[in-house]
Amino acid sequence: QVQLVEGGGGLVQPGGSLRLSCAASGSIFSVGAMGWYRQAPGKQRELVATITSGGSSNYADSVKGRFTISRDNAKNTVYLQMNSLKPEDTAVYYCNADLARSRFGSFADYWGQGTQVTVSS
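Conventions and cut-offs
- Starting afresh in each chain, residues are numbered from 1 along the sequence in its written order.
- The model is predicted, so local features are restricted to residues of pLDDT at least 70 and side-chain atom pairs to those at 80 or more, both for listing and for counting; the totals for chains, interfaces and linings are taken over all residues.
- Side-chain descriptors were evaluated using all non-hydrogen atoms of the structure, hydrogens and water having been removed beforehand.
- Numbered from the N terminus, helices here are DSSP runs of H or I no shorter than four residues, and strands are runs of E no shorter than two.
- Throughout, disulfides are identified as pairs of cysteine sulfur atoms within 2.5 Å of each other.
- Throughout this description, buried means an accessible area under 20% of the type-specific maximum (1.4 Å probe, protein chains only), exposed means over 50%, and partly exposed covers the range between.
- Any two strands with at least two DSSP-identified bridges between them are counted as paired.
- For helices, the fitted axis covers only the stretch in contact; all axes are lines through C-alpha atoms, and the angles between them, taken along N-to-C directions, range from 0 to 180 degrees.
- For this analysis, a salt bridge means a side-chain nitrogen from Lys or Arg found within 4 Å of a carboxyl oxygen belonging to Asp or Glu.
- To form a nonpolar core, buried Ala, Val, Leu, Ile, Met, Phe, Trp, Tyr and Cys residues must be joined to one another through side-chain atoms within 4.5 Å.
- Here a residue-residue contact requires only that any non-hydrogen atoms of the pair lie within 4.5 Å.

What follows deals with unusual backbone geometry. Both trends apply: most residues other than glycine have a negative phi, and most peptide bonds are in trans. At N76, a residue that is not glycine, the phi angle is positive and equals roughly 50 degrees. Checked against the element boundaries, N76 lands in the loop between β7 (67–72) and β8 (77–82). Of note in this structure, S84 is not a glycine but carries a positive phi near 50 degrees. Mapped onto the fold, S84 is located in the loop between β8 and β9 (91–100).

In structure tokens form, the structure reads like this:
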């Protein structure tokens, strides 16, 4: 079994910062790309940022220059540093990982349970 456990969400004022973390654990052979998505009330889930196992990253235009994604491959953990937060960043943030559970197994998507980020004064 595989688990993605997220942490670091909360309430922050506009202009503030938060750092999210997501650790993958369980029966894991290899972890490929990892990323963060978010879903605001009444909206579809959208990509925030992704990072490959080699460290190449990709960001949504709305967060470029404010958010930074990073990972620790030894810990199967991905981070999202969020600076200059805006009220429109309010959403449930979900961690995603593309991973294989065995040497000859195929890669599949796994999701965390989500962590709430609220940006409000």
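Having put the structure on the table, let's press on.
As enumerated under the stated definition, the model contains one disulfide in all. Here C22 pairs with C95 through a disulfide, and the sulfurs are 2.0 Å apart. An S-S torsion of about -80 degrees defines the bridge between C22 and C95 as left-handed. Residue C22 is found in strand β3 (residues 18–26), and its partner C95 is found in strand β9; the two are separated by 73 residues along the sequence. Taken individually, C22 and C95 each receive the classification buried, so the pair is uniform in this respect.

Taken in spatial order, the four strands make up an open sheet running β1-β3-β8-β7, and their pairing is antiparallel. The open sheet has two free edges, formed respectively by β1 (2–7) and β7, since each of these has just one partner strand. This sheet shows a mean twist of 15 degrees between the axes of neighbouring strands, independent of strand direction.

This brings us to the pattern of salt bridges. Scanning the entire structure with this criterion turns up four salt bridges. As a salt-bridge pair, D61 and K64 come within 3.1 Å of each other at their nearest N and O atoms. A residue is classified by how much of its surface remains accessible, and K64, at 48% relative accessible area, is partly exposed. Notably, a salt bridge pairs D89 with R66, separated by 2.7 Å at the nearest N-O pair. Residue D89 is found in the loop between β8 and β9, and its partner R66 is found in the loop between β6 (57–59) and β7; the two are separated by 23 residues along the sequence. Here the two residues D89 and R66 agree in accessibility, since each one is buried. Taken together, the shared-partner salt bridges in this structure form one network comprising R38, E46, R66 and D89.

Let us now look at the nonpolar core. A general feature of soluble globular proteins is that nonpolar side chains tend to end up buried together. Of all hydrophobic cores here, the largest spans 30 residues; its most connected members are W36, L80, M82 and Y93. Every element with two or more residues in this core is listed here: β1, β3, β4 (30–39), β5 (46–51), β7, β8, β9 and β11 (115–119). For this core, the element with the highest residue contribution is β9, accounting for five residues. Excluding residues that lie within four positions of it along the chain, M82 makes contacts with G16, S17, L18, L20, R66, F67, Y93 and V117.

In terms of strand pairing, β1 meets β3 through six bridges, oriented antiparallel. Bridged to V5 within β3 is A23. Note that β3 and β8 share six bridges and pair antiparallel. When the sheet's bridge partners are listed, L20 is paired in β8 with L80.

Any functional reading would require information beyond the geometric quantities listed.
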